[in-house]
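# Inside the fold
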Amino acid sequence: MAGSRSGRWLPLALLAGSVAVGGLIGVAYHRLTAPSPGVPSAVAVVTVPPPQELLSITPAPAVPTPATPLSTVLRLTAVACPDEAGMPGPAPRCAVLRVPSDRLRPNGPPVDLFVLTLPALAPTPAADPVVVLSGGPGQGGSDDLHGAVAIFGAMRERRDVILVDQRGTGRSRPSLHCPALDPLRFWYGGVTAEDATACLSPLRREGFWLESFDTGESASDLRDLRVALGVERWNVVATSYGGILAQALLRVDGEAVRSLVLNSPAMPDATWLDFDRLTAIRETYRRLFADCAAQPACAHAFPNLDGTVERIAAGLERQPLETRLRAPSSGREAAWRFTWPMVASTLSFRLGSGGGMAALPAQLDRLDRMVAGRQPADERTLAALLMPDLFWNVSDTLAYGLNLTIGCRENRPRIDAADARRAAQGLRPYVMADTVETDYDTACPALSLAPVESGFYRPVVSEVPTLILTGVYDTLTVPARAEALKNTLRRAVVLPFRGVGHDVLGASLCARTLAARHVDLLEVGNAGDCPERFLPPVFVTVLPPLATRP
């Protein structure tokens, strides 16, 4: 699966402090009182009719739908919050909402959604809370609480913010984490059909239908949670894959959405092998070279940056880099041989992340020197470039099983992977399409999941006031596709950020201010005049000390 991460999911720290979290809050939630640690107490029971029309986002049932709709009891139960020292503001409050795992099979096992509230700083919060939808798919709302506090601080001045662990993620149960998966294989190739089935087969044995872990059911979870919390309307903030979930939510509960912020949104009809996305990687490299050449310090430090990718690729084709890598948690060592396709994946990750491109000229120069033999290719330097500590920790937070169920149902059925890779051969060496999403190649046939209905990909028409934030350097979600959302989200404003990549809220304080203003006033006015909107990144010419183990 070498290179398969490129364009599907980005770890939080690579986004320059970003967070892609999911969440919901309700007015009724203020009445929750924290119980003793580990002791749940039921605080609200709401009986609502089950969804009778899930539109196109409902998975096709494998069994007949009951002729008479059954009522669904939604029970919100207060639980102890995770211990997060040093968080500013009032202490968070946590709860679990039990929902059906499959709304067409009401007698199946339930799903418990973990919900964490960041209370408003104002003594009397606004009635319409902020709802934050996670990226990934596979990131949980509670994965990075300190990051969430920073990013949503301005919104939290007047409104509660709830972080929800989407079904399968974070502290929700059942978990679709795959803790046994080797992070090296996750990032650099080798995920097998056995890996996928070993992760997800236990859920099938417990009676879960894997097709229930998809965008449609998650959208219905959010609607049910809103009802259980007694919230009439809320404001939705969605990052990356969360943009797909937000559009599904508009289908099933659009009247309850007061405002929408789409932060580097993904599109339901896009795949990571689409030619426009792969082309964006090459074009963004060219933008990087031009922007560096236009900055005197960068141009002086790296006068031969243009052509670096070709030189590194050719050098690694002749002689791959070999090193030993050691997992920080277990201390286990492994010998790895890095080819250009593997390295290309990691570099394109850095190129398109929130602020990750700022150090990329220096990283390319260092790698160029090592490949050419002008600088020793020592293990510590290679580990910092190719397998930093963050990469080792990915399986601690990402619910990779959810990434597979959604990808195999919603992403892979849209394309012929072999044709897409052939079409991208002319983009080499900047894009090595033969290594993109090869884990889907092996996992999807083994899992045999029914594809989502075709209506899932239809554009959503809405009059909800919408702010769309895009990064010009974004190589994960194509900014032009987000721009096209204005055709159907009829009250949308698109703000591009010239010096930012994927996850604008994570990289830009200005974007956070603009998003908070949009939520407050349903407009941004002329408040968007900040440098990162109009100026290219300021590039680093000297890399900081290596933050790896000695």
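Placed above this text is the structure.
Residues numbered from 1 in each chain as written. Predicted model: local features only at pLDDT ≥ 70, side-chain atom pairs only at ≥ 80, totals over all residues. Heavy atoms only, no water.

### Overview of helix 6 (residues 241-253)
In this model, helix 6 (13 residues) spans 18 Å end to end at C-alpha, consistent with the 18 Å of a helix rising 1.5 Å per residue. Counting buried positions along helix 6 yields 13 of 13 residues, so the element is predominantly enclosed. (Helix = DSSP H or I, 4+ residues; strand = E, 2+ residues; numbered from the N terminus. Expected span 1.5 Å × (residues − 1). Buried < 20%, exposed > 50% of the residue type's maximum accessible area, 1.4 Å probe, protein only.)

### A word on the state of the cysteines
Tallied over the full model, the rule gives five disulfides. Through a disulfide, Cys-178 is tied to Cys-199; the S-S separation comes to 2.0 Å. The S-S bond linking Cys-178 to Cys-199 shows a torsion near -75 degrees; that makes this disulfide left-handed. Highlighted residues: Cys-178 in the loop between strand 6 (161-165) and helix 3 (183-188) and Cys-199 in helix 4 (residues 193-205), separated in sequence by 21 residues. Both residues of the pair, Cys-178 and Cys-199, belong to the buried class. The disulfide partner of Cys-292 is Cys-298, and the gap between their sulfur atoms is 2.0 Å. Between Cys-292 and Cys-298, the S-S dihedral sits near -100 degrees, and the bridge is therefore left-handed. Assigned by exposure class, Cys-292 and Cys-298 land together as buried. Assigning the bonded cysteines of the protein consecutive numbers by sequence position, one obtains the connectivity 1-2, 3-4, 5-6, 7-8, 9-10. (Disulfide = S-S within 2.5 Å.)

### Concerning the packing of helix 5 (residues 215-229) against helix 6
At a minimum axis distance of 8 Å, the contact between helix 5 and helix 6 shows a crossing angle of 60 degrees. Between helix 5 and helix 6, the angle is such that the two are oblique. Crossing of helix 5 over helix 6 shows right-handed handedness. From helix 5, Thr-215, Ser-218, Ala-219, Leu-222, Arg-223 and Arg-226 reach across to helix 6, where they touch Tyr-241, Ile-244, Leu-245, Ala-248, Leu-249, Val-252 and Asp-253. (Axes fitted to C-alpha atoms, helices over the stretch in contact; angles between N-to-C directions. Parallel < 35°, antiparallel > 145°, perpendicular 65-115°, else oblique. Left-handed = near helix turned anticlockwise from the far one by under 90°. Contact = heavy atoms within 4.5 Å.)

### Concerning the pairing of strand 12 (residues 492-497)
Of the strand pairs in this sheet, strand 11 (residues 466-471) and strand 12 are connected by six bridges, and their pairing is parallel. Across the sheet, the residue bridging to Thr-466 is Ala-492, located in strand 12. Tracing the backbone out of strand 11, into helix 18 (residues 479-484) and back to the parallel element strand 12 gives a crossover that is right-handed. (Pairing = 2+ DSSP bridges. Right-handed = clockwise from strand over helix to strand, strands pointing away.)

### Overview of the pattern of salt bridges
One pass over the full model with this rule turns up 33 salt bridges. Close ionic contact of Asp-224 with Arg-103 constitutes a salt bridge, the shortest N to O distance being 2.8 Å. Placement of Asp-224 in helix 5 and of Arg-103 in the loop between strand 3 (93-100) and strand 4 (110-118) is noted, with a sequence separation of 121 residues between them. A relative accessible area of 6% places Asp-224 in the buried class. Put simply, Glu-483 and Lys-486 hold a salt bridge, and the shortest N to O gap is 2.8 Å. Among the residues examined, Glu-483 registers a relative accessible area of 35% and is labelled partly exposed. Shared partners join several salt bridges into a network, and the residues in it are Arg-103, Arg-167, Glu-217, Asp-221 and Asp-224. (Salt bridge = Lys/Arg side-chain N within 4 Å of Asp/Glu carboxyl O.)

### Overview of unusual backbone geometry
A cis amide bond, omega -5 degrees, links Gly-136 with the succeeding residue Pro-137. In this chain, Arg-173 is followed by Pro-174 through a cis amide linkage whose omega measures 5 degrees. Relative to the helices and strands, Pro-174 resides in the loop between strand 6 and helix 3. Of note in this structure, Ser-264 is not a glycine but carries a positive phi near 50 degrees. Turning to its location among the elements, Ser-264 is positioned in the loop between strand 8 (257-263) and helix 7 (275-294). Using a relative accessible area of 2% as the deciding quantity, one classes Ser-264 as buried.

### Focus on the environment of Gly-141
Topologically, Gly-141 is positioned in the loop between strand 5 (130-133) and helix 1 (145-151). Counting along the chain gives 30 residues from Gly-141 to Arg-171, while the straight-line C-alpha distance between them is 9.0 Å.

Any link to function would need more than the numbers given here.
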